[in-house]
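Descriptive analysis of the structure
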Amino acid sequence: MSRTTLTERGDARMTDEGGQDIDMAGGLRQALPWVAFVIAAGAGALLSVGAFLGVYVRPTSDDWCALWKARDMGVLGITSDFYNTQNGRVTNAFLTGLLYSDDMRGPKLLPAFLVLALGAGLFLLARATLRALRLPFPATAAAAAVLVLEALLFFAGTRSYQLLLWAPATISHTLPSILGVWAVLSGVWAARSRRRWARSAAVGTAALLGTAAGMLSEPFVAMSGLMAAAAGLLCLPRLGRTRDRFASTWCAAWCLGLLVGLVLLTTSPGARWRRAQQPKEPLTLSGLGETVRDWSRIWETIGGQWAYAGALAAGVLLGLAVALSERRRPDGEDTRTDRGPGGTFRVAVVLLPLPLIALGSLVAAYGLRSGYGAGGWTYARTWTSFLVPFLLALCGYGAWLGHRLGRGIDGTRGLADRGGPDDTRGQESGRRPEGTDGPGVGPGSPSAPSGVRAARLALLVVTGAVAVASTAALVPAVRTLTTQTVARSLAWDREDARIRAEVAAGRREVTYRPLHIGGLAEPFFTTVYEKDWAARCTAEYYGVERINRP
C-alpha cells in the first residue's frame, strides 16, 4: 500500500505542473532572442537599403530652389529669404542652408543620419523607460521593436520617398520627431542626475529646442505641445507621483519654447505673404465638418495598412522578453516587482495617448485644409508628427500586454509567490499564502489549466508571426522605391552631363526632360512659365536664362 499521503500527492502535482511551467518559460527564454534577432535583421536590412539609397538621391521639386539659394545666398541669406519672403520657418531655412551648402552631398547623407538618429534615440528611450519602471532591459527585443517601428514609419505609408529621401520634407516633418525624442532623453538624463546645474541646463535646452521646433513644423508643434502639456500636468507633485517640480518645469519650458517659436513664425513677413496667397475662410460648422472628414480619411488610410499591426506585435514580444528576463538570478530569488504608479495615474497614462493623438491629428488636418485646400489631407509627409506617437503607443500597449502574458506563462512566479512546495504558510489556518489568489487562480499559478497556458503560448506565436509578416509586407515597397530611385538617378546623371556641356559651350537656354519621383513637382508642372517656380529654380541652378521642354 502506498504510503504517499494526500498532501504529498498534492505537493507532487504542484511540482510537476510547476516544472512544466518552468520548461515552457525556459524554452521561451531560449527561443525569444532568436525570434527577436530574425525580426531585427529583417527590419534592419530594409532600413539599410533605405539609408543607402541616399547615394542615389538627385534634385527634384524644392531641391532646385534650395540648391541655388544655398550656393548664392549662403546659410544666413537663405534663412533671411525664408523669413521675409517664403514661410517664416527660420529653423527650416537654417538647416536647409547647412544641408545644401555642399551641393547634394548633405541630402545624400541625410537618410542614413535619420535612420541612425531615430533608432538610437528610441533604443535609449526604451532603456530609460524600463529602467524607470525597475524592469530588466532585453536589448535584442528592444532593438527589434525599434527597427520595426522605424521600418513601418518610413516604408508602410504612401509617401516613402518623401519621408526618408527628400530632404525638404524630412527637415520639416521627419526631423522634428527625432528632435523631440532626443529632447525627452536629455530631460530624463537630467532628472536622474539630480544635479542642480544639469537640471537647469536641461530646462534651458528644452526651451531652446522647443523654440527651434516651433519654427520648423506646425503639425509637430500641435502634437508635441499636447503631449508635453498632459505629461506636465500628470507630473505635478500635488498629484503624488513625483517628488519635485522638475518634470513639470521641463514640460512647461518645452511648451513655452514651442509657443515662442510659433509666434515668431506666424508673425513673420514670409508667413503673412503665404497666408495672403490663400486667405483662410472663417471657421464654420460646415468647414469644421469638412475638416473632420479629412481627418477620418487620414485615419482610414492609416488603418488600411495592416502592416502597422507590426508595431503592436513588436511591443508584445518586447513585453514578453521583459517578463521572462525578470527571474534570472542564480540564487533563485524572485526579481519581479509590482511596484509602480498608482491606479489613477496608471489609468491616465494608458488612456490619454490615443485621445491626444486623435486631437493632434485633427489640428493637423485643419492646418492642412487651411494651407493647401481640400486636397491638403493627402500630404502624407505631414502625418509623421502624429504617426510617430501613434506607433509608439501601439508598441507600448503591446509591451504591456506581452508583459502580462509573459508573467502568466512563466509558472515559476506562482511557485515563488506560494513559497514553493515546502512552504506551509497559512495551511494550518486555511488561509491562502500572501500574494496569491488561491489555488489555480492568477496569471502565474502553477496549477492554472494547461489549456490556458497553451492558448497564451499560441497567441504569442501568432504575435511573432505578425511581426515577421508585417516586416515582410514592406519588401515590395522598398523594392519599388529602390528601382525608381536608382533608375531616376541614372537618367538624371545623363541629362545633367548634357546640360552642363551645353552651358559650358555658351548656351543660355537648355532643354530639360522632367523626371518625376515620389509624387513631387518637376519643371513644367504648369503651362505658365512665370508661375513655374520649379523651372525657374532649375534655370538658376544651371546658370541659364531659361529651360525649355525637349
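What counts and what doesn't
- Sequence positions are assigned chain by chain, starting from 1 and proceeding in written order.
- Local features in this predicted model are restricted to residues of pLDDT 70 or higher, and side-chain atom pairs are both shown and tallied only at a pLDDT of 80 or more, whereas totals for entire chains, interfaces and linings draw on every residue.
- Hydrogen atoms and water are omitted, and side-chain values are computed over all heavy atoms in the structure.
- Secondary structure elements are taken from DSSP: a helix is a run of H or I of four residues or more, a strand is a run of E of two residues or more, and numbering for both begins at the N terminus.
- Expected span, for any helix, means 1.5 Å times one less than how many residues it has.
- Burial classes: relative accessible area under 20% of the type maximum marks a residue as buried, over 50% as exposed, and values in between as partly exposed (1.4 Å probe, protein chains only).
- Put simply, a nonpolar core is a bunch of buried Ala, Val, Leu, Ile, Met, Phe, Trp, Tyr and Cys residues held in one set by side-chain atoms that sit within 4.5 Å of each other.
- Disulfide assignment relies on a single distance test, namely cysteine sulfur atoms paired within 2.5 Å.
- Salt bridge, as used here, is a side-chain nitrogen of Lys or Arg placed within 4 Å of a carboxyl oxygen of Asp or Glu.
- An axis is simply a line fitted to the C-alpha atoms; with a helix, the fit covers only the stretch in contact. Between two such axes, the angle follows the N-to-C directions and lies from 0 to 180 degrees.
- Put simply, angles under 35 degrees are roughly parallel, angles over 145 are roughly antiparallel, angles from 65 to 115 are roughly perpendicular, and the rest are oblique.
- Crossings are classed by handedness, with left-handed meaning an anticlockwise turn of the near helix from the far one by less than a right angle and right-handed meaning a clockwise turn.
- Charged residues are taken to be Asp, Glu, Lys and Arg, nonpolar residues to be Ala, Val, Leu, Ile, Met, Phe, Trp, Tyr, Cys and Pro, and polar residues to be all remaining types, Gly included.
- Definitions used for this entry: grid spacing 1 Å over protein atoms alone; cavity, a set of points where a 1.4 Å probe fits but cannot get out; pocket, an open set with protein on both sides within 12 Å along at least 5 of 7 lines; lining residue, one with an atom within 4 Å of a point.
- Grid points are joined across faces, edges and corners, and a volume is the space filled by probe spheres set on the points.
- Only residues above 30% relative accessible area that lack a salt bridge enter a patch, with like-charged residues linked at up to 9 Å and the nonpolar side chains Val, Leu, Ile, Met, Phe, Trp and Tyr linked at up to 5 Å.
- All accessibility values rest on the Shrake-Rupley procedure with a 1.4 Å probe; residue burial counts only the protein chains present in the view.

Moving on: helix 5 (residues 139-155). Under the 1.5 Å per step criterion, the end-to-end length of helix 5 is 24 Å for 17 residues, consistent within 8% with the ideal 24 Å. With 13 of 17 residues buried, helix 5 lies mostly within the body of the structure.

Bringing the nonpolar core into the picture now. Membership of the largest hydrophobic core comes to 106 residues, with the highest contact counts inside it found for Leu152, Phe154, Phe155, Ile302, Phe386, Leu391 and Ile547. Here the element with the most residues in this core is helix 5; it accounts for 12 residues. In terms of nonpolar packing, the next biggest core, distinct from the first, is built from 15 residues, Val203, Ala206, Ala213 and Trp254 among them.

Using the criterion set out here, one finds 1 disulfide in the structure. Between Cys65 and Cys537 runs a disulfide, and the two sulfur atoms are separated by 2.0 Å. Judged by the sign of its S-S torsion, about 95 degrees, the bond between Cys65 and Cys537 is right-handed. Taken as a pair, Cys65 in helix 2 (residues 62-86) and Cys537 in helix 20 (residues 533-542) lie far apart in primary sequence, 472 residues in all. Of the residues examined, Cys65 reaches a relative accessible area of 14% and is grouped as buried. We note that Cys251 lacks a disulfide partner, and the nearest cysteine sulfur, in Cys235, lies 6.0 Å from it.

Quick look at the pattern of salt bridges now. Under the definition given, this model contains 14 salt bridges. The salt bridge partner of Arg369 is Asp294, with a shortest N-O separation of 2.7 Å. With Arg369 in helix 15 (residues 353-372) and Asp294 in helix 12 (residues 285-303), this residue pair connects regions lying 75 residues apart in the sequence. Residue Arg369 is classed as partly exposed on the basis of its relative accessible area, which comes to 22%. Across the pair Arg500 and Asp496 runs a salt bridge whose closest N-O atoms are separated by 3.1 Å. Here Arg500 and its partner Asp496 are both found in helix 19 (residues 475-504), 4 residues apart, which amounts to about one turn of the helix. For Asp496, a relative accessible area of 12% puts it in the buried group. Salt bridges sharing common partners tie together Glu290, Arg293, Asp294, Arg297 and Arg369.

The subject of this paragraph is the packing of helix 4 (residues 105-132) against helix 7 (residues 167-193). Orientation of helix 4 relative to helix 7, taken along the N-to-C sense of each, is 30 degrees, at an axis distance of 9 Å. In terms of their interaxial angle, helix 4 and helix 7 are classed as roughly parallel. The hand of the helix 4/helix 7 crossing is left-handed. The residue inventory of the contact of helix 4 with helix 7, partitioned by class, reads 21 nonpolar, 3 polar and 2 charged.

Further remarks concern helix 13 (residues 309-324). The terminal C-alpha atoms of helix 13 lie 23 Å apart, and with 16 residues this matches the ideal 22 Å at 1.5 Å per residue to within 8%. Counting buried residues in helix 13 gives 14 out of 16 residues, a clear majority hidden from the surface.

For the structure on display, the rule yields 2 cavities of 30 Å³ or more. Taken as a whole, the largest cavity encloses approximately 60 Å³ of empty space. Taken together, Leu118, Leu122, Leu149, Glu150, Leu153, Val388, Leu391 and Leu392 make up the lining of the largest cavity. Only helix 4, helix 5 and helix 16 (384-409) provide two or more residues apiece to the lining of the largest cavity. Considering only residue class, the lining of the largest cavity consists of 7 nonpolar, no polar and 1 charged.

Residues Leu256, Leu259, Val260, Val263 and Leu264 make up a contiguous nonpolar surface patch of roughly 420 Å² in combined accessible area. Among the secondary structure elements, Leu256 is positioned in helix 10 (residues 246-266). Taking relative accessible area as the criterion, Leu256 reaches 52% and is therefore assigned exposed.

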